[in-house]
Amino acid sequence: MLALHWQVNVISPDGFFGGLLGEPVARSGVVGRAVRFHQAARAAGLPVIFTRFTIPEGEGELVRNTGFMRAVGEAQEAFRPGAPGAQLIPELAGLASAVVDNQKLSGLAGNGLARELRSQGVDTLLITGVATNLTVEQTARHATDLGFTVHVVSDCVTAADETTQAASLANLELTTAGCLAAPDALAQVTA
């Protein structure tokens with residue numbers, strides 16, 4: 001299971017993206033659903049790997065080739081691995097089997113995670129996270145291109161607005177093995 005960008009900068013109203021995502025995340029109730037889903041996954045013995053967008057000193061593998069990456073590059077102090085905003089939100093922090101950092105939109109880019117998952121025999125990924133139209137779509141498409149069977153957990157992702165969320169889930173339904181609600185996702189991998 002990949003849990004993408006469940007960090008203060010993305011989820012909290014006080015985080016870097018709080019003005020864009022804080023209120024929609026709270027309104028959607030996605031955090032509570034994600035907590036229950038990740039707890040159930042851990043109880044079922046599934047590894048839950050969290051990814052964080054961080055920027056180490058020297059910028060690591062950050063490439064400022066989009067408006068998004070230029071913006072976070074300009075605010076990189078807020079994204080340092082030890083910065084408060086880079087930390088996992090408290091509700092989910094204790095549920096991580098592992099935490100992997102990178103400087104890419106895809107949780108599988110620039111960090112060796114895909115190679116590690118393959119070495120462990122992982123072939124199916126369940127993806128949760130924020131924002132659906134950004135890191136979730138990018139990671140799901142990337143993972144699919146790498147040969148993984150990918151299911152986005154549709155009730156454990158959200159975007160800045162309902163129209164964007166619906167469009168993104170429709171895209172993911174076509175570009176992955178399909179979106180699944182949390183109970184169906186767990187049944188899929190524990191059967």
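Residues numbered from 1 in each chain as written. Predicted model: local features only at pLDDT ≥ 70, side-chain atom pairs only at ≥ 80, totals over all residues. Heavy atoms only, no water.

Named according to an unreviewed UniProt entry, the chain is Cysteine hydrolase originating from Amycolatopsis acidiphila.

Scanning the model with the defined rule gives seven salt bridges in all. The salt bridge partner of E23 is R27, with a shortest N-O separation of 2.4 Å. A residue pair is termed a helical-turn pair when its members lie 3 or 4 positions apart in one helix, as E23 and R27 do in helix α2 (residues 18-28) at four residues. Taking the relative accessible area as the measure of exposure, E23 reaches 48% and is therefore partly exposed. For R141, the salt bridge is made with E137, and the minimal N-O distance between the two is 2.9 Å. Here R141 pairs with E137, and both are found in helix α7 (residues 132-145), just four residues apart, close to one helical turn. Residue R141 is classed as partly exposed on the basis of its relative accessible area of 35%. Through salt bridges that share partners, E57, E77 and R80 make up one connected network. (Salt bridge = Lys/Arg side-chain N within 4 Å of Asp/Glu carboxyl O. Helix = DSSP H or I, 4+ residues; strand = E, 2+ residues; numbered from the N terminus. Buried < 20%, exposed > 50% of the residue type's maximum accessible area, 1.4 Å probe, protein only.)

What follows covers the packing of α7 against helix α8 (residues 162-175). Two numbers describe how α7 lies on α8: the axes approach to 10 Å, and their chain directions differ by 5 degrees. Between α7 and α8, the angle falls in the class roughly parallel. Mapping the contact onto sequence places T132, N133, V136, E137, A140, R141 and T144 in α7 and T164, Q165, S168, L169, N171, L172 and T175 in α8. Here the contact of α7 with α8 is composed, by residue class, of four nonpolar, eight polar and two charged. (Axes fitted to C-alpha atoms, helices over the stretch in contact; angles between N-to-C directions. Parallel < 35°, antiparallel > 145°, perpendicular 65-115°, else oblique. Contact = heavy atoms within 4.5 Å. Nonpolar A, V, L, I, M, F, W, Y, C, P; charged D, E, K, R; others polar.)

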